[in-house]
Amino acid sequence: MKTLTRNILITLFIISMLACSSDDDRGITGVSAGVAVKLVDTEITVFDINKDLKIDINSFTNAQVTNLDVYKGATKIADAVISGNTATFNSSSLLPFVFPGEEEGETVSSGSFDLDLVYDISGGNIPSAITAQKLSVAKVITLTDKVSSIKFKDSASTNLIKYVTSTAGVKIDDITVTWRKGETGTETDISTGFSIDKGTIDLKNKDYIAYGLTKGDVLIYSFTVSSGTLTDKAEAKIEITPQPFNGGASGNLNSDLTKNQIDLLTGSISKDDTFAGDIDFVGPQGFGAINNTVNGENYTVDIQFVKLGGTGASFYDAYNDVEQAKVDFDAGTPSTSVQVMKDEIYVYKIVRNIGTTDTPVLKNHYGAILVGDITVINAGTNVDIALTFKENSIID
């Protein structure tokens, strides 16, 4: 009978709300009855399975709420206990905490319930009313800072994983922190030193290297809190990626002495004997390290090349690992100049000054050059070579 009454009330109040479209408060139906009912405790956590949840009852006339039922969907789950201007019901009536997950068929323990507060009124304009309310069930532990991937050996200060915990009153007994390699890896407990309320893992400390992980691996940190037999978990999954090249550039190197030098960082062209750029045209169809002497002054670039076995744009695009470039360079026979064909790829090592002219700091950089179209004009008197290139230094 109560369910039938509730369904009738819902229909009546839909009609009432349509007639009073200026009332935005979902509990306005109670005001029109002389009473407003509102859920105060609108958020709990998955650990709060035995908490009294408060409902406020405000009377605008001599009306009084004589009975208050809590519905979840079409099912009555609780008789709220009324005491003066408040009422309570226990969160245990909401169990189990089961909600749809992101994947089809998946369920999770956090989400929200749509509740209806159905109440009888004495001395009001109508005998019963209904108020729709929403109650959220939150996770106990959440990650406030996440990192989805990290360059191998990267020491950037932004690579932080942070967690916080909270409940609506239940005590959290313990936290367990573990790491593992991939989904199926064996978990290793590293809980010592982590506090229950909040904590941080700084990936710039490179602990994953001590764990034996390298580029291509997935590092998973798990944070599990417990209260009695209840547990809640948050996980951070970090893909360890190769150290990539920078964005790269492109340009055309020409046998014409007015445009026969090129800068491998910017793609800018300069004329012969200019103290700028990294490589220059070397006939009949190649390039090499710049070594210019003008008026007794010398401009020399310390760069060498090794040809890779792979060729073409697809291979070049996929080749994005500075450490691998060093390995390939060291495995070959370096040369300061090369004669080239279209689609060939060369790795190179260049020594750059990352300091100042007065206080130089020399550092090895490694890069890759893709040879594009080669245009030969007038029986070889003019040769134009299209080049694409990228480089970076290695994070130690």
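A short tour of the structure in this document, coming up.

1. What about the sheet that holds strand S19 (residues 230-241)?
Taken together, the five strands give an open sheet; going across it, the order is S13-S19-S18-S15-S16, and neighbouring strands pair in mixed fashion. Each end of this open sheet is capped by a strand with a single partner; those strands are strand S13 (149-151) and strand S16 (188-189). Bridge count between S13 and S19: three bridges; the pairing is parallel. From the neighbouring strand, Ile 150 faces S19, where its bridge partner is Ile 240.

2. Quick word on the packing of aromatic side chains
The geometry of two aromatic rings is summed up by the distance between their centres and the angle between their planes. Counted according to the given criterion, the structure contains 13 aromatic pairs. Pairing Phe 152 with Tyr 208 gives two aromatic rings, centres 6.3 Å apart and planes at 50 degrees, and the pair type is tilted. Of the two residues, Phe 152 is situated in the loop between S13 and strand S14 (160-165) and Tyr 208 in helix H3 (residues 207-210); the sequence distance between them amounts to 56 residues. Summarising the burial analysis for this pair, Phe 152 and Tyr 208 share the class buried. Above the ring of Tyr 316, the side-chain terminus of Lys 390 is found at 4.0 Å from the ring centroid.

3. What about unusual backbone geometry?
Working note: non-glycine residues mostly have negative phi, and peptide bonds are mostly trans. The omega torsion across Leu 95 and Pro 96 is 0 degrees, close enough to zero to call that bond cis. Mapped onto the secondary structure, Pro 96 falls in the loop between strand S7 (86-90) and strand S8 (99-100). In this chain, Gly 283 is followed by Pro 284 through a cis amide linkage whose omega measures 5 degrees. Positionally, Pro 284 belongs in the loop between strand S23 (279-282) and strand S24 (286-289). The residue Lys 206 is not glycine, and still its phi comes out positive at about 60 degrees. Relative to the assigned elements, Lys 206 resides in the loop between strand S17 (198-202) and H3. Of note, Asp 343 is a non-glycine position whose phi angle comes to about 80 degrees, a positive value. Mapping Asp 343 onto the fold places it in the loop between strand S28 (337-339) and strand S29 (345-353).

4. A closer look at the layout of surface pockets
Of the pockets and cavities examined, the largest pocket occupies roughly 530 Å³. What lines the largest pocket is a set of 21 residues, and nearest its centre among them are Glu 102, Lys 139, Lys 146, Lys 233 and Ala 234. When residues of the lining of the largest pocket are traced back to their parent elements, those giving at least two are strand S12 (141-145) and S19. The greatest single-element share of the lining of the largest pocket, amounting to six residues, is contributed by S19. Residues of the lining of the largest pocket, tallied by class, amount to seven nonpolar, five polar and nine charged. In terms of lining residues, the second largest pocket is bounded by 14 residues, among which Tyr 299, Thr 300, Val 351, Arg 352 and Asn 353 are the most central. Put simply, the parts of the chain that give the lining of the second largest pocket at least two residues each are strand S26 (297-300) and S29.

5. Section: the pattern of salt bridges
Across all of its chains, the model carries 20 salt bridges by this definition. Residue Lys 326 is joined to Asp 330 by a salt bridge in which the shortest nitrogen-to-oxygen separation is 2.7 Å. With Lys 326 and Asp 330 both in helix H5 (residues 322-331), this residue pair falls four residues apart, about one helical turn. A relative accessible area of 33% means that Lys 326 is categorised as partly exposed. Notably, a salt bridge pairs Glu 391 with Arg 352, separated by 2.8 Å at the nearest N-O pair. Of the two residues, Glu 391 is situated in strand S31 (residues 382-393) and Arg 352 in strand S29; the sequence distance between them amounts to 39 residues.

6. Re the environment of Leu 39
Its place among the elements puts Leu 39 in strand S1 (residues 35-39). The class for Leu 39 is buried, based on a relative accessible area of 2%. Each C-alpha atom, one on Leu 39 and one on Lys 181, is 45 Å from the other, the two residues being 142 residues apart in sequence. Setting aside its immediate chain neighbours within four residues, Leu 39 contacts Lys 54, Ile 55, Phe 89, Leu 115, Leu 117, Gln 133, Lys 134 and Leu 135.

Calculation criteria
Residues numbered from 1 in each chain as written. Predicted model: local features only at pLDDT ≥ 70, side-chain atom pairs only at ≥ 80, totals over all residues. Heavy atoms only, no water. Pairing = 2+ DSSP bridges. Helix = DSSP H or I, 4+ residues; strand = E, 2+ residues; numbered from the N terminus. Phe/Tyr/Trp six-rings, centres within 6.5 Å; stacked < 30°, edge-to-face > 60°. Buried < 20%, exposed > 50% of the residue type's maximum accessible area, 1.4 Å probe, protein only. Lys NZ or Arg CZ within 6 Å of the ring centre and 35° of its normal. 1 Å grid on protein atoms, 1.4 Å probe; cavity = no way out; pocket = protein on both sides within 12 Å on 5 of 7 lines; lining within 4 Å. Points joined across faces, edges and corners; volume = space filled by probe spheres on them. Nonpolar A, V, L, I, M, F, W, Y, C, P; charged D, E, K, R; others polar. Salt bridge = Lys/Arg side-chain N within 4 Å of Asp/Glu carboxyl O. Contact = heavy atoms within 4.5 Å.

Structural measurements only, silent on function.
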